[in-house]
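Working through the structure, step by step
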Amino acid sequence: MAARSFAREAVRRLGRNTDEIIAPLSLGYIPLRLARGRLVEDSTRQSSSRYLATRTFGEAPSHGTPAGLAVAAAAERIITPSTCDHLRTRGYAIVDGAMDGIDVDGVPLAEAMLNELRSLSSSPGVMARNATVLVGKDGVANRLEKSNIFEAEVHALSEESLARAPTLRAAWEDRTQLTLLNVMLPARAPPQSLHYQSVKLQRNAGRAGCFPLHFDSDAGLDARVVTALTYLNPTWKPGDGGELVLFPFPDDPITVEPIAGRVVLFSSANTLHRVLPSAAERFCFTTWFFAKQARSGEGDEGQTTTGAASVAARKAADKYWGAGKSDDDPWPEPGAEEIRTMRECEALLAPGMRKHLMRLVHAEEWAASIAESHPDTPERTRALETHRREVDVIARAIGGSYPRGLARIGSAMGSERGGSVRE
């Protein structure tokens, strides 16, 4: 127990003493690529008769309308310096009460959004079952549908549907949140500034509808930078389920209740999360904020970011393991092996590697969440096989290069795979 506590604190100190390691907008290059048997989320994004991006010039149809003014007012309460500071340093931010006291034609904003979402979800053909596309070794794509999860992209709605949902349309078209995020969390290079946004509506029908562990995007392939979830459930109570669970590694998981008016923001690329099974109907919508272009990996700003994170991680590690500590410092004087372990830990905690590390640390829970979120079909079996195959690849790659660091972090986080790596 003492050894595990020591290891956990070591991992926390490495992570907490540099913004770069936890920073949600530090999208580093990911060196490991799994070319086969990959999971590609959000297949419903493929088909649309409308432009995904909101207008970047001129005025949107909802601008200046009661719905547009209400959404903009709420946005100014959501994106504040304290929100952005928590997002930068902790990897997520939770905002409550941003819509309180804001009405649309006499109806509270959160209630108006819920009424519109309910109306759309009851209209035939508007919402479709959520599915993931699993690409097999043979290159054939198979749909892996989730149980009782129904969604619609606002940009794909017909004009008739948009006319019935003015506040949800305004949530897509209003750029106040995007602008404030750019001001308060400026990008390191112009192509990575936030450029446009999309909104996905969701109805969880209950009956154990849920999502597995996942990241929303891959920084090298997908331009999504920030995810914002807005919940619209005024009667939610403990026992209804459907909670969001965030994994702000190396800190402990955070369980977030989906109460009405709550907005949760986190890094699309770097925040592992899932949704627990819901016993009651649950409504929300997701806003994704996109950069102008995805990071391409080597040779771009993302590579520089990863380098900066490694330097910062080394400084943090030196502070606790290096020479020159005071006599009353409880940490042991490092020997050659401990210094090597420290260097391996800091490499694994860099943004580009941490995503793979988390897949390994949470491997069993990840597999259980896949099984829990999908009906028992051949596609689910293939998804589980793909997950286990990818975990094995990651374990061999990381275990071969960073065995001591993996064992230390595995001990800290209670990972069977991490703890079983031979030194």
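Before reading further, recall that the structure is shown in the block above.
Please read these numbers as outputs of a predicted model, since none were measured by experiment.

What about unusual backbone geometry?
We note that Asp105 has phi near 55°; this positive angle belongs to a residue other than glycine. Residue placement: Asp105 occurs in the loop between β3 (103-104) and β4 (107-108). The backbone of Arg207 shows a phi angle near 55°, a positive value even though the residue is not glycine. Inspection of the secondary structure assignment puts Arg207 in the loop between β7 (194-204) and β8 (209-214).

Re the nonpolar core
Grouped together as the largest cluster of nonpolar side chains are 31 residues, with contacts concentrated most on Leu109, Met113, Leu157, Leu168, Leu201, Leu232 and Phe285. Of all the elements in the fold, those that place two or more residues in this core are α3 (66-78), α5 (109-121), β6 (141-153), α7 (166-173), β7 and β14 (282-291). Counting residues per element, this core draws most heavily on α5, which supplies six residues. If we ignore the near neighbours within four places in the chain, the residues touching Leu232 are Met99, Ala110, Met113, Leu114, Leu117, Ala260, Phe283 and Phe285. Ranked by size, the runner-up nonpolar core spans 27 residues in total, among them Leu144, Leu348, Leu349 and Val361.

Regarding the packing of helix α11 (residues 351-361) against helix α13 (residues 378-401)
Between α11 and α13, the least distance of the axes is 9 Å, while the angle of their chain directions is 120°. Taken together, the axes of α11 and α13 lie oblique to each other. In the packing of α11 onto α13, the handedness of the crossing is left-handed. Each of Met353, His356, Leu357, Arg359 and Leu360 in α11 lies in contact with α13, whose residues at this interface are His387, Glu390, Val391, Ile394, Ala395 and Ile398. Classifying every residue of the contact of α11 with α13 by side-chain character gives seven nonpolar, two polar and two charged.

Describing the packing of aromatic side chains
One pass over the full model with this rule turns up two aromatic pairs. Ring plane angle 10° and centroid distance 4.7 Å describe the contact between Tyr196 and Phe290, whose orientation is recorded as stacked. Of this pair, Tyr196 sits in strand β7 while Phe290 sits in strand β14; the two residues are 94 residues apart in sequence, bridging distant segments of the chain. We note that Tyr196, like Phe290, is buried. For the pair Phe215 and Trp366, a centre-to-centre distance of 6.2 Å together with 45° between the ring planes defines the contact as tilted.

Calculation criteria
- Residues numbered from 1 in each chain as written.
- Predicted model: local features only at pLDDT ≥ 70, side-chain atom pairs only at ≥ 80, totals over all residues.
- Heavy atoms only, no water.
- Helix = DSSP H or I, 4+ residues; strand = E, 2+ residues; numbered from the N terminus.
- Core = buried A, V, L, I, M, F, W, Y, C linked by side-chain atoms within 4.5 Å.
- Buried < 20%, exposed > 50% of the residue type's maximum accessible area, 1.4 Å probe, protein only.
- Contact = heavy atoms within 4.5 Å.
- Axes fitted to C-alpha atoms, helices over the stretch in contact; angles between N-to-C directions.
- Parallel < 35°, antiparallel > 145°, perpendicular 65-115°, else oblique.
- Left-handed = near helix turned anticlockwise from the far one by under 90°.
- Nonpolar A, V, L, I, M, F, W, Y, C, P; charged D, E, K, R; others polar.
- Phe/Tyr/Trp six-rings, centres within 6.5 Å; stacked < 30°, edge-to-face > 60°.

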